[in-house]
Structures are given as structure tokens and as C-alpha cells.
Amino acid sequence: MTHKKKWKVVLLILVGGFIGIQFIRPQIDHPSVTADIDAPPAVKAVLRKACYDCHSNETQLAWFDKITPANWLVASHIREGRQLLNFSQWDSIPKDQQKAKLFECLNQMAFDRMPIPQYTMLHPEAKLSPADITVLQDYLSGQFVAGLPDSTKAIAANKQFNAWLGAPLTPSVKPAPNGIGFFPEYKNWQAISTTQRLDNGTMRVIMGNEVAIKAIREQQINPWPDGTIFAKIAWDEQIDTQGNIIPGEFKQVEFMIKDKHTYADTDGWGWARWKGMQLQPYGKNAMFTMECTGCHKPMRDNDFVFTKPIHLSTK
């Protein structure tokens, strides 16, 4: 057999194999829509073009998405996407968590983590513009209006804040569902930054333990060293009579604990949260950490930390 004929045989085998595997196809279901997200048309338009192919039951496949073996990867992305978030089953998300889920989506988009690059490379129409991001930001910020000046509320908030300051450092607090215990000494840590959540109108102060402060001073924060602990304290925003935003009701305190071995399954960080002045552990079970890791994934290149520390003296 000549060299040319050998290549023809190889080509025929490859073509035949390619045609044959087209009959081995993954199943991509299209369940009914039980409750789509209720949002303005402009917001839904952004979500539809960027999210719905993997995060809804209204998946629209292009012709090249249906070719084996590419369709196996597509099917895997759809299954995983729907498990994490399905806009066609929006009612399955508790109402008090729906805005937080949209805030997570916004972060993923703003930091160019979603849609994934492999998808936008073949579906350029799904790529988001700065204007698209602004549409989502405006929608979320418009969902919350800071409390109007109210002397009764201000007095109550100040009383609660003083009670929070004076609470004992050894309170009896149940551990989080994943077994992480409360850190009552967090009030004595040093403040390293502040932040704001536009989806729920909370102001936050981030405190760091001694390990975190030392890492900041030595500029060793990516990655953060094991033993680093952050405490993020959240209060409702309230407007005083002069129009200043001040702390209102205490909402929660949450912790991030760095230990790349102990918490290898959650990106090297342990997560825990306690709600209200009663410090009730958050989460029905240990799976609540999926919310935390999902929100922080856009910051993978920053060791999953959003916080940009304020300047600390090296002296």
C-alpha cells in the first residue's frame, strides 16, 4: 500500500469514527419553568444573554454545541450550572436570599468570571458590557433604601450598639453547622477595611487578628498565611438627621479562617456566620459554605479575599 493510500485509509477511519460517535449523545433535559425571576425587562435581558443557557431550563444550543464530543462538555456545564443557580426555579431560593444570590451573580460578572471565557469565545453575544453591569448594579442598589431619619430608631440603634460593645468576651454561643466555633475576641482585633453591600443596605467593618495584621505589615497577603482570621461585622445603614449614614441594627458577624490543609475543600478558608444580637449560627447544615465560596470565587487571584487593607504602619 502506497503512502498516499495509507493516509486515505486513516482519514476514512477518522471520519467514520467521528460520524459514529455522533450517535453517543448526552441527555440535556428541558424541564418546565416553575417560577422565573421577577425583574424589569432590562435586567432580565442581561441575565438571559449571559446566564440562561447554563442557569435555567430555557437552554438554547447552537449547532456546534450539539456536536459530539463537545456536547458532553456542554451537558456537564449545564448540569453544574443549574445545580448552583437555576433562574427557572427562582422560587426554590428563600426570598431573604434572592438579592444576595443576584449580588453574587453581579460579582461574578463584574470580575469577568461569568460567563466563562470558553463560553463567550464561541458565544460572543453573551459577553457583558460595562452598561450591562451598570443595569444590574442600579437594580440591586434600587432594591434598598436606607432608613430615613428617625430619632426613635437612632436611640434604639445607639443603645444596641453600646450593648454590643459591652457584651462579654466569653458569650455562650453555639458553633456553626460546619463545626467552627465563635471567636469572641474579635472585637479587640484591629480594623483593616470597610465595605458596603448595595443589595441589602448594610455597612461592614473588617477586623483582622494578629496574624492578619502582621501579614499586611510585611506585605504577605497573596496568599494570606495560615492562621489569618478576618471578622466582618455588619450593621444596617441608617441616615441621621444631618444626612450621614450611621450604623443601625446589628445584623451579623462572619469569619474567614485561613488554613489551606484543614479547609482544602473550601478554597483553603473556613467560613462561619452568626446572626443578630443572639448570635444564632447561620445555615441548616455545613453546605451553607457553598454560598460563601460561590461569592468569593471571583477573587481567586487574590486568595479569595475581597478586602483591600487600609495602610498600616510598618513601625
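Just so you know, these numbers come straight off a predicted model, no measurement behind them.

Caption draft 1: Focus on the packing of aromatic side chains. Evaluation of the coordinates by the stated rule reveals 15 aromatic pairs. Here Y52 and F87 contribute two aromatic rings whose centre-to-centre distance is 5.4 Å and whose plane-to-plane angle is 15 degrees, an arrangement assigned as stacked. Here Y52, found in helix α3 (residues 52-55), pairs with F87, found in the loop between α4 (70-84) and α5 (95-110); they are 35 residues apart in sequence, far enough to count as distant. Here Y52 matches F87 in class, with each residue buried. Aromatic pair F182 and W274: ring centres 5.1 Å apart, planes at 75 degrees, arrangement edge-to-face. Pair noted here: F182 is in the loop between α8 (151-166) and β1 (190-197) and W274 is in strand β5 (residues 269-275), with a separation of 92 residues, a long-range link. Residue W274 is classed as buried on the basis of its relative accessible area, which comes to 0%. Sitting over the face of the ring of Y282, R273 holds its NZ or CZ atom 4.3 Å from the ring centroid.

Caption draft 2: Region of interest: the pattern of salt bridges. As enumerated under the stated definition, the model contains 13 salt bridges in all. Note that D132 and K49 form a salt bridge whose closest N and O atoms lie 2.8 Å from each other. A residue pair is termed long-range when its members are at least 10 positions apart, and D132 in helix α7 (residues 130-141) and K49 in helix α2 (residues 41-50) qualify at 83 residues. A relative accessible area of 31% places K49 in the partly exposed class. A salt bridge links R273 to E254; its shortest N-O distance comes to 3.1 Å. Taken as a pair, R273 in strand β5 and E254 in strand β4 (residues 245-258) lie far apart in primary sequence, 19 residues in all. By relative accessible area, which is 14% here, R273 ends up buried. The class for E254 is buried, based on a relative accessible area of 14%.

Caption draft 3: Main features of the sheet that holds β4. Read from one edge of the open sheet, six strands run β1-β2-β3-β4-β5-β6, paired in antiparallel fashion. Pairing within the sheet leaves two strands with one partner each, and these edge strands are β1 and β6 (280-281). In the sheet, β1 pairs with strand β2 (residues 202-208) via seven bridges, with the strands oriented antiparallel. Looking across to β2, one finds that Q196 is bridged to M203. Of the strands in this sheet, β1, β2 and β3 (229-239) are in contact with helix α9 (residues 210-217), which crosses β1 at around 90 degrees.

Caption draft 4: Molecular detail of a nonpolar patch on the surface. A surface patch of nonpolar side chains, about 330 Å² in accessible area, is lined by L84, M287 and M290. Along the chain, the position of M290 falls in helix α10 (residues 289-296).

Caption draft 5: Fine view of α9. Considered for burial, the residues of α9 that qualify are A212, I213, A215 and I216. The buried residues of α9 all sit within an arc of 160 degrees when viewed along its axis, so they share a single face. Pointing more than 90 degrees away from the buried face of α9 are the exposed residues E210 and K214. On the buried face of α9, the contacting elements are β1, β2 and β3. Just beyond α9, the residue with positive phi is Q219, at close to 55 degrees.

Caption draft 6: Structural context of the pairing of β3. Across the 11 residues that make up β3, a large majority, 10, are buried. Strand direction decides the pairing type here: β2 and β3, joined by seven bridges, are antiparallel. Looking at the pairing, R204 lines up with A234 of β3. Pairing of β3 with β4, which is carried by 10 bridges, proceeds in the antiparallel orientation. By the bridge assignment for β4, A234 is matched with Q252. Counted along the chain from β3 to the antiparallel partner β4, the turn is five residues long, and its residue G243 has a positive phi close to 85 degrees.

Caption draft 7: Highlighting unusual backbone geometry. At the junction of M114 and P115, the peptide bond is cis and its omega measures out at -10 degrees in the coordinates. Mapping P115 onto the fold places it in the loop between α5 and α6 (117-122). Its identity is not glycine, yet F304 carries a phi of approximately 65 degrees, on the positive side. In this structure, F304 sits in the segment after α10. Residue F304 is classed as buried on the basis of its relative accessible area of 8%.

Rules used in this analysis
Residues numbered from 1 in each chain as written. Predicted model: local features only at pLDDT ≥ 70, side-chain atom pairs only at ≥ 80, totals over all residues. Heavy atoms only, no water. Phe/Tyr/Trp six-rings, centres within 6.5 Å; stacked < 30°, edge-to-face > 60°. Helix = DSSP H or I, 4+ residues; strand = E, 2+ residues; numbered from the N terminus. Buried < 20%, exposed > 50% of the residue type's maximum accessible area, 1.4 Å probe, protein only. Lys NZ or Arg CZ within 6 Å of the ring centre and 35° of its normal. Salt bridge = Lys/Arg side-chain N within 4 Å of Asp/Glu carboxyl O. Pairing = 2+ DSSP bridges. Contact = heavy atoms within 4.5 Å. Axes fitted to C-alpha atoms, helices over the stretch in contact; angles between N-to-C directions. Patch = residues over 30% accessible without salt bridge, like charges linked within 9 Å, V, L, I, M, F, W, Y side chains within 5 Å. Areas by Shrake-Rupley, 256 points an atom, 1.4 Å probe, with all protein chains shown as cover. Arc of directions from axis to C-beta.

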